[in-house]
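One letter stands for each residue in the lines below.
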2 protein chains.
Amino acid sequence: MLMAIGPYLPLLANGNWPMPSIEYFTAFLAYGGSNLVLAAAAAAICAYIAPAAAGSGIPEVKAYLNGVDAYSILAPSTLFVKIFGSILGVSAGFVLGKEGPMVHTGACIANLLGQGGSRKYHLTCNWLRYFKNDRDRRDLITCGCAAGVAAAFRAPVGGVLFALEEAASWWRSALLWRAFFTTAVVAVVLRTLIEFCRSGKCGLFGQGGLIMFDLSSTVATYSSPDLLAIILLGIIGGIFGGLFNFLLDKILRIYSIINERGAPSKILLTIIVSVITSMCSYGLPWLASCTQCPEDAVEQCPTVGRSGNYKNFQCPPGYYNGMASLFFNTNDDAIRNLFSTGTATEYHMSSLFIFFVAIYCLGLVTYGIAVPSGLFIPVILAGATYGRIVGTLLGSISSLDPGLFALLGAASFLGGTMRMTVSVCVILLELTNDLQMLPLVMLVLLISKTIADSFNKGVYDQIVVMKGLPYMEAHAEPYMRHLVAGDVVTGPLITFSGVEKVGDIVTALRITGHNGFPVVDEPPLTEVPELVGLVIRSHLLVLLKGKMFMKEPVKMSGSFVMERFGAFDFAKAGSGKGLKIEDLHFTDEEMQMYVDLHAIANTSPYTVVETMSLAKAALLFRELGLRHLLVVPKTPYRPPIVGILTRHDFVAEHIHDLFPSLNPHN
Amino acid sequence: MLMAIGPYLPLLANGNWPMPSIEYFTAFLAYGGSNLVLAAAAAAICAYIAPAAAGSGIPEVKAYLNGVDAYSILAPSTLFVKIFGSILGVSAGFVLGKEGPMVHTGACIANLLGQGGSRKYHLTCNWLRYFKNDRDRRDLITCGCAAGVAAAFRAPVGGVLFALEEAASWWRSALLWRAFFTTAVVAVVLRTLIEFCRSGKCGLFGQGGLIMFDLSSTVATYSSPDLLAIILLGIIGGIFGGLFNFLLDKILRIYSIINERGAPSKILLTIIVSVITSMCSYGLPWLASCTQCPEDAVEQCPTVGRSGNYKNFQCPPGYYNGMASLFFNTNDDAIRNLFSTGTATEYHMSSLFIFFVAIYCLGLVTYGIAVPSGLFIPVILAGATYGRIVGTLLGSISSLDPGLFALLGAASFLGGTMRMTVSVCVILLELTNDLQMLPLVMLVLLISKTIADSFNKGVYDQIVVMKGLPYMEAHAEPYMRHLVAGDVVTGPLITFSGVEKVGDIVTALRITGHNGFPVVDEPPLTEVPELVGLVIRSHLLVLLKGKMFMKEPVKMSGSFVMERFGAFDFAKAGSGKGLKIEDLHFTDEEMQMYVDLHAIANTSPYTVVETMSLAKAALLFRELGLRHLLVVPKTPYRPPIVGILTRHDFVAEHIHDLFPSLNPHN
């Protein structure tokens, strides 16, 4: 391919440029080959060890924090693959970021800590048992997300805001404080490590300090025409962002068909994307002409053998290849190059344009392969290039530096794809340390988000929907106002008596997957059938395992149960670690005995009357973070419970199956 | 008094210093006199026109956003007094800020907009009728708060976070987005105005641009001993902050006794505080010696006739008075002086110490007088002085500039009194543009907040409690777990039939102040008594005003009512603008007629069973932002409603009156 492109290169005018030779081809093989091996390794561990580690992980964490406990999403194996897969993926030269995976990594570590370690891998700490309940575990994982962003962007405040705006579904001031605490610790640790690495002991880690792309030296002055240009930039950025989400959704749907065929298909797909990426990043710079180094360059020019603004590539000494400076570089350095100010003429328009198209497309095809991959970096890269193109085009009219336009372009793409506002704003501020640009960044984010919101949802929300996770929005859908709670209650309801036969409980647990069962006291225990409360599966299993059975159906005193079980026996177990009904075995005699459920029933379950508006029931369910909502009858002389609403009963598909005539938008 | 101090001044050593003469005394009279007149004017408009405008306003706005609709807190008269009282108060030289009042001003303007203007003052806009419901009005007022902080500190992101962390009780991502939108507009407008004023047309307004105290040029390097010093600074700052809250509470309780005696007492108190403040700011600088101007001073030294670092005061040319630079200056300039770097030897230790004690005490006695007064400026001033004292003390050991220590000191005081974290952090960042200090600021905030939290509540929460506003915390109190919903239901319950006699409704509305009444259908309308729903007072009044009465108790069709009333008739009226029962008059014949309540009843009220844990009921009430929660019976054959829970039923005092034996902390 390189040979074929060679003759058309426009830069042959530059006399002493050597023709592509066999050595360049060998170099490509070495470059592309090592990329391929790294990519295949990443895909292999991802496909065989933890398929859940593929992709960004932010949608899954977001769903988890909404109450969707998807299988193995935060398991130690996922953590392992996320860390090493991300390292391999970034090393393989893909157009992907490490930010999303770091958020997921943070959440996994938090989950591991919240479970008091992992029993499976013999890493346990008993003093971490505090977190044996949903809420504290969720808080801890939110803090893990915040820490991930704080570490990835070296942006502690941005991390807190990301966790607040994008990740968390419930927010309390105590949680804000905990997240802030976490990221403050991250900031201090980062700062200490950077200080320690200042002497160059740790490679590229210490470079740049806490501010990754420092733009603070630039004086930003802008006038009304600039403002108009920036508004236009925001509008087009929003359209590109919305288009990105649209195309990504289509590509992910195609990929999911390929990926479903099994691990070999996943690895093959990754290898194909890797080869395309290598070909682009090695091949496309040949299209650019060599540019003479500027005489007043602050940096060494050309830079050879290290990262920097001016890549030599195939050019003779004293010249640099602008496109190679972008393509043949780490993603971080490419962003730094694009953001750099005072370098208005560094890139040819054609280089920027080719790079933009290539990165936009590569970003789309890379996300979805079986490698941990974040979306921040591709979006920032494409946005910064787009901004720099606009800045270069307007160079004669505008007094703003193209580097600042690159920052605004990145903001417009982030606003257009991710639809975050405050957190992106603060993250960009912490990345660039350019407070003067803040009003402009806010303006661009506003515009691009508004434009893109009129097309589709944010990228993470879209992935949550595509993965079929039953995410509950903070607001009730409009069509729910036309229904009542009783309308969506389905299926045969299984209730237990206050003192129930062991066999009946075991059968119910075996044949259904339900997690909550209403307990009803019936005559002769009470005068009329009366709702006692709700028992959940895991508590039933603990009680059954204790085998506190009775020959006769009589009510026991509650304290008796409490003496038998410790406080932690009923605490929420780590994911995948709870008891299973298959693990319990009972004799026929035991199956005929009785067990008292009063002591373990939640006697204050939240209830709604069957005639309650479904929209209001959904609000109650969502705002209080419930898993089960009991529906009670309105009229007397009926059983004291009509049904149980769970998360799945509020999902749009379920409701539309029940009421096909309902207009989903009204 | 000045004469008396004169002979003891330690600076007489400085030969050519003139003795205080009659001219200095005249100058004091002019200075103190104009302060006094301004202060008296501020107190007069506050005491006579809108007493609610006194103080910061943040606690009241916070309570409003929690659902407490205190009288006239957001009325147009309050807005008027807040704006002009704040201008007068700041001009009078008090140790108070304009930040709190600007938050309150923002909230008042938002309220005015949300009501579609003010009918009383003939300012109405019909197109603003969108906000005729609690939620949207609350959102708008939250945005107003954000705009207030954004304008006061020129900190748009800080404004959003302040509204989130301190003001709002419920937060949705849509609200985040709206608040962000508001502050982005504020930032763009501010920026435009500053650009317009750059030529000096607007006095001091354009100075400093968007960053009020720019510290960005400082390079912050710090080592482990610095870190230890900063931790200590945070601990002591937290103690001082907690002490400030404790003393403020005591002083406010004394003041409230004085202020209750009427407007003249309020004005007298304000005048006394004004005289004390004038005496301090004019008298105390005489205690300081004249210092020779540094030769390498960047600024003009001494500064005469304008704001600046080096105040001449009584010193001969070429000399400046350090304490006058702090005292005899605007609060903003004093903060800028304290934050200024590279001026380590500018202030004598004794000057700083006297200033610290004076400002700490003046800040305490000033808040609570009948003048709009914010707490941010006094706290930042005292904190910055404290930090600079620490920095000067450690000058020989630490490599950090005393100006940076002043920033950290301000952070520690803010953390210790206000207990905000993320928002203070971002506000300080936006004020000083010093991203390098962010990890240290976070650390100091963490420490000081933790320390102070172990003593008492944040200052705004404390004022909310002191004012007796029934604020609902986001969490249920521990003692509520020992009670059930039925325990706290009190008073005779007034219920209406589905078709009720007009006379009964009018009587109920006249003799009680209740806002919600359950509607129960009774035989013969239904087989057994059945709960229809809840009607609220304002809807009842609209229905009664329509006089759709019937001779016989029969059920009407709902559509008939809908034809008679427009969609906006039942919308929530502006505060103080709704109908009152006293305004409606009925003939004896009308009183004997019937009215159908089915059409206006909320048929999906949230309900709890009487045996529901009070803690869970409180959570439901708080999270869903309810005003009425119906308690229904658990057992059959009883009336279908046991009682109504309102905000007051969850207040600690009410519960402890009912159950004196309950331990409030368990």
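Please read all numbers here as calculations on a predicted model, not as lab measurements.

K.L.:
Please clarify how the overall build of chain A should be interpreted in this entry.
P.N.:
Helix and strand counts for chain A come out as 25 helices and twelve strands. Taking all 666 residues of chain A together, 58% fall into the buried category. Once local pairs closer than 6 in sequence are excluded, the contacts in chain A between residues at least 24 apart make up 76%. Within the structure as shown, chain A displays about 26900 Å² of accessible surface, and the carbon and sulfur contribution to it stands at 63%.

K.L.:
Please explain the domain arrangement of chain A as it appears in this structure.
P.N.:
It is common to report an interface's size as the accessible area lost on association of the parts. Segmenting chain A into domains produces domain 1 (225-257 + 290-467), domain 2 (473-489 + 610-665) and domain 3 (493-601). If you average the C-alpha positions of domain 1 of chain A and of domain 3 of chain A, the two centres end up 58 Å apart.

K.L.:
For this particular structure, what's the right way to read the packing of aromatic side chains?
P.N.:
Two measures describe an aromatic ring pair: the distance that separates the ring centres and the angle between the ring planes. Counted by the stated rule, this structure contains 56 aromatic pairs over all chains. Aromatic side chains Phe240(B) and Tyr360(B) sit 5.8 Å apart centroid to centroid with 70° between the ring planes, which places their arrangement in the edge-to-face category. Within this pair, whereas Phe240(B) is found in helix H9 (residues 224-259), its partner Tyr360(B) is found in helix H13 (residues 349-366), the two being separated by 120 residues in sequence. A residue is classified by how much of its surface remains accessible, and Phe240(B), at 24% relative accessible area, is partly exposed. One residue, Lys449(A), lies across the ring of Trp177(B), its end atom 4.9 Å from the ring centre.

K.L.:
I'm lost on the interface of chain B and chain A in this one. Help?
P.N.:
At the junction of the two partners, chain B supplies 58 residues and chain A supplies 58 residues. Here chain B meets chain A over a buried area of about 5500 Å², counting both sides, of which 73% is carbon and sulfur. Where chain B packs against chain A, one counts eight residue pairs in polar contact (both at pLDDT 80 or more). Listing elements by their share of the side of chain B that touches chain A, those giving two or more residues are helix H7 (156-167), helix H8 (173-196), helix H16 (422-432), helix H17 (438-453), strand S8 (530-536), strand S10 (607-609) and helix H24 (614-623) of chain B. Examining the composition of the side of chain B that touches chain A, we find that nine residues originate from one element, H8(B), more than from any other. Taken together, the residues that form the side of chain B that touches chain A break down as 38 nonpolar, twelve polar and eight charged.

K.L.:
It is not clear to me how helix H21 (residues 537-546) of chain A should be interpreted in this structure. Could you clarify?
P.N.:
Residue and element names in this part refer to chain A. Most of H21 sits inside the fold, with seven of its ten residues counted as buried. Listing the buried residues of H21 in full gives Arg537, Leu540, Leu541, Val542, Leu543, Leu544 and Gly546. Directly beyond the C-terminal end of H21, a positive phi value near 55° is found at Lys547.

K.L.:
What exactly am I supposed to notice about the state of the cysteines here?
P.N.:
Two cysteines form a disulfide when their sulfur atoms are joined by a covalent bond. Residue and element names in this part refer to chain A. The full count for this structure, using the stated rule, is two disulfides over all chains. Through a disulfide, Cys290 is tied to Cys315; the S-S separation comes to 2.0 Å. Its S-S torsion of about -95° marks the bond between Cys290 and Cys315 as left-handed, since a negative value means left-handed. Within this pair, whereas Cys290 is found in strand S3 (residues 290-292), its partner Cys315 is found in the loop between S3 and strand S4 (319-321), the two being separated by 25 residues in sequence. Not part of a disulfide, Cys46 finds its nearest cysteine sulfur in Cys108, a span of 12 Å. The thiol sulfur of Cys143 is not disulfide-bonded, and the nearest other cysteine sulfur, from Cys145, lies at 9.1 Å.

K.L.:
Would you explain the environment of Ala151(B) in this entry?
P.N.:
Residue and element names in this part refer to chain B. Inspection of the secondary structure assignment puts Ala151 in helix H6 (residues 134-153). Between the C-alpha atom of Ala151 and that of Val103, which follows or precedes it by 48 residues, the distance is 9.0 Å. Once residues lying within four places of it in the same chain are set aside, the contact partners of Ala151 are Met102, Val186 and Leu190.

K.L.:
Teacher, can you tell me more about the relation of the copies chain B and chain A here?
P.N.:
Overlaying chain B on chain A yields an RMSD of 0.1 Å, the required transformation being a rotation through 180° with an accompanying axial translation of 0.0 Å. Both copies are brought into coincidence by an operation consistent with a two-fold rotation axis. Considering only C-alpha atoms, the part of chain B nearest the rotation axis is Glu623(B), at 3.2 Å.

K.L.:
Would you mind going over the UniProt feature "domain: CBS" (unreviewed entry) in chain A with me for this structure?
P.N.:
Feature annotation in UniProt places "domain: CBS" (unreviewed entry) on residues 601-661 of chain A, given in this structure's numbering. The distance from the first to the last C-alpha atom of residues 601-661 of chain A is 39 Å, and the span holds 28% helix and 16% strand.

K.L.:
Hey, could you run me through the packing of H16(B) against H17(B) in this one?
P.N.:
Two measures define how a pair of helices packs: the angle their axes make with one another and the distance between the axes. All names here are of chain B. Where H16 meets H17, the axes come as close as 10 Å, and the angle between the chain directions of the two elements is 145°. H17 is crossed by H16, and the crossing has right-handed handedness. Two secondary-structure elements touch here, H16 through Val424, Cys425 and Leu428 and H17 through Leu438, Val441, Met442 and Leu445. By residue class, the composition of the contact of H16 with H17 is seven nonpolar, no polar and no charged.

K.L.:
Whenever I open this one, the sheet that holds S8(B) confuses me. Can you help?
P.N.:
Where strands meet in a sheet, backbone hydrogen bonds hold them as pairs that are either parallel or antiparallel. All names here are of chain B. Across the sheet, which stays open at both edges, the three strands sit in the order S5-S7-S8 with mixed pairing between neighbours. In this open sheet, the two strands that pair with only one neighbour each are strand S5 (496-497) and S8. Where strand S7 (residues 516-521) and S8 come together, six bridges link them in antiparallel fashion. Paired with Val520 across the bridge in S8 is Leu531. Taken strand by strand, helix H21 (residues 537-546) contacts S5, S7 and S8, and its axis lies near 85° from that of S8.

K.L.:
Would you explain the side chain of Thr526(A) in this entry?
P.N.:
All names here are of chain A. On the secondary structure map, Thr526 appears in the loop between strand S7 (516-521) and strand S8 (530-536). Accessibility expressed as a relative area gives 17% for Thr526, which makes it buried. One polar contact links the side chain of Thr526 to the main-chain carbonyl oxygen of Asp521, over a distance of 3.4 Å. Among the polar contacts listed, one links the side chain of Thr526 to the backbone oxygen of Val528, at a separation of 2.8 Å.

K.L.:
Just to check I follow, could you spell out the nonpolar core for this structure?
P.N.:
Soluble globular proteins tend to pack their nonpolar side chains together in the buried interior. Formed by 239 residues in total, the largest nonpolar core has its most connected members in Phe339(A) and Phe339(B). Excluding anything up to four places from it in sequence, Phe339(A) contacts Phe213(A), Leu215(A), Ile380(A), Ala384(A), Arg388(A), Gly403(A), Ala406(A), Leu407(A), Ala410(A) and Thr432(A). Counting residues in hydrophobic clusters, the runner-up holds 48 residues, among them Met472(A), Leu483(A), Leu662(A) and Phe621(B).

K.L.:
Could you clarify how one ought to interpret the sheet that holds strand S11 (residues 629-632) of chain B in this entry?
P.N.:
All names here are of chain B. One open sheet holds the three strands; their spatial order is S10-S11-S12, and the pairing between them is mixed. This sheet does not close on itself; its edge strands, each paired only once, are S10 and strand S12 (643-645). Geometrically, the sheet is characterised by an average inter-axis angle of 35° between neighbouring strands, direction not taken into account. With three bridges joining them, S10 and S11 adopt parallel strand pairing. In the strand pairing of S11, Thr607 is matched with Leu630. Those strands touched by H24 are S10, S11 and S12, and its axis lies near 150° from that of S11.

K.L.:
Help me out: how do you make sense of unusual backbone geometry in this one?
P.N.:
If a residue is not glycine, its phi is most likely negative; likewise, a peptide bond is most likely trans. Residue and element names in this part refer to chain B. Phi is positive for Arg154, which is not a glycine, with a value near 50°. In this structure, Arg154 sits in the loop between H6 and H7. Unlike most non-glycine residues, Arg419 shows phi in positive territory, near 65°. Position of Arg419 among the secondary structure elements: in the loop between helix H15 (402-417) and H16. A relative accessible area of 7% means that Arg419 is categorised as buried.

K.L.:
Would you take a moment to explain a nonpolar patch on the surface for this structure?
P.N.:
Taken together, the side chains of Leu228(B), Ile231(B), Leu232(B), Ile235(B), Ile236(B), Ile239(B) and Phe455(B) define a hydrophobic patch exposed on the protein surface, amounting to about 610 Å² of accessible area. With respect to the helices, strands and loops of the structure, Leu228(B) is situated in helix H9.

K.L.:
Explanation requested: the UniProt feature "transmembrane region" (unreviewed entry) in chain A in the structure shown.
P.N.:
All names here are of chain A. Taking the UniProt record as the reference, the feature "transmembrane region" (unreviewed entry) is found at residues 28-50, 70-96, 140-164, 170-190, 202-222, 228-247, 267-288 and 352-383. End-to-end, the C-alpha atoms of residues 140-164 are 13 Å apart, and along that stretch the chain is 92% helix and 0% strand. Here residues 267-288 runs as 77% helix and 0% strand, with 33 Å between its end C-alpha atoms.

K.L.:
Could you clarify how one ought to interpret the side chain of Ser340(A) in this entry?
P.N.:
Residues and elements named next belong to chain A. Residue placement: Ser340 occurs in the loop between helix H12 (331-339) and helix H13 (349-366). Looking at Ser340, the relative accessible area reads 14%, which means it is buried. Not counting residues within four places of it along the chain, the set of residues in contact with Ser340 comprises Asn309, Glu346, Arg388, Asp401 and Gly403.

K.L.:
Explain the packing of helix H20 (residues 502-511) of chain A against H21(A) to me, please; I cannot follow it from the model alone.
P.N.:
Residue and element names in this part refer to chain A. The geometry of H20 relative to H21 is characterised by a closest axis approach of 12 Å and an angle of 135° between their N-to-C directions. Accordingly, the angle class assigned to the pair H20 and H21 is oblique. Between H20 and H21 lies a crossing whose hand is left-handed. Between H20 and H21, the contacting residues are Val502, Ile505, Val506 and Leu509 on the first element and Arg537, Leu540, Leu541 and Leu544 on the second. Split by residue class, the contact of H20 with H21 holds seven nonpolar, no polar and one charged.

The rules we used
Residues numbered from 1 in each chain as written. Chains lettered and ligands numbered in written order. Predicted model: local features only at pLDDT ≥ 70, side-chain atom pairs only at ≥ 80, totals over all residues. Heavy atoms only, no water. Helix = DSSP H or I, 4+ residues; strand = E, 2+ residues; numbered from the N terminus. Buried < 20%, exposed > 50% of the residue type's maximum accessible area, 1.4 Å probe, protein only. Contact = heavy atoms within 4.5 Å. Areas by Shrake-Rupley, 256 points an atom, 1.4 Å probe, with all protein chains shown as cover. Domains from an automatic or database assignment. Phe/Tyr/Trp six-rings, centres within 6.5 Å; stacked < 30°, edge-to-face > 60°. Lys NZ or Arg CZ within 6 Å of the ring centre and 35° of its normal. Buried area = accessible area lost by both parts, 1.4 Å probe. Polar contact = N/O pair within 3.5 Å; in protein donor to acceptor, adjacent residues only side chain to side chain. Nonpolar A, V, L, I, M, F, W, Y, C, P; charged D, E, K, R; others polar. Disulfide = S-S within 2.5 Å. Least-squares fit on C-alpha atoms with pLDDT ≥ 70 in both. UniProt positions renumbered as here; feature names shortened; annotations may be inferred. Axes fitted to C-alpha atoms, helices over the stretch in contact; angles between N-to-C directions. Left-handed = near helix turned anticlockwise from the far one by under 90°. Pairing = 2+ DSSP bridges. Core = buried A, V, L, I, M, F, W, Y, C linked by side-chain atoms within 4.5 Å. Patch = residues over 30% accessible without salt bridge, like charges linked within 9 Å, V, L, I, M, F, W, Y side chains within 5 Å. Salt bridge = Lys/Arg side-chain N within 4 Å of Asp/Glu carboxyl O. Parallel < 35°, antiparallel > 145°, perpendicular 65-115°, else oblique.

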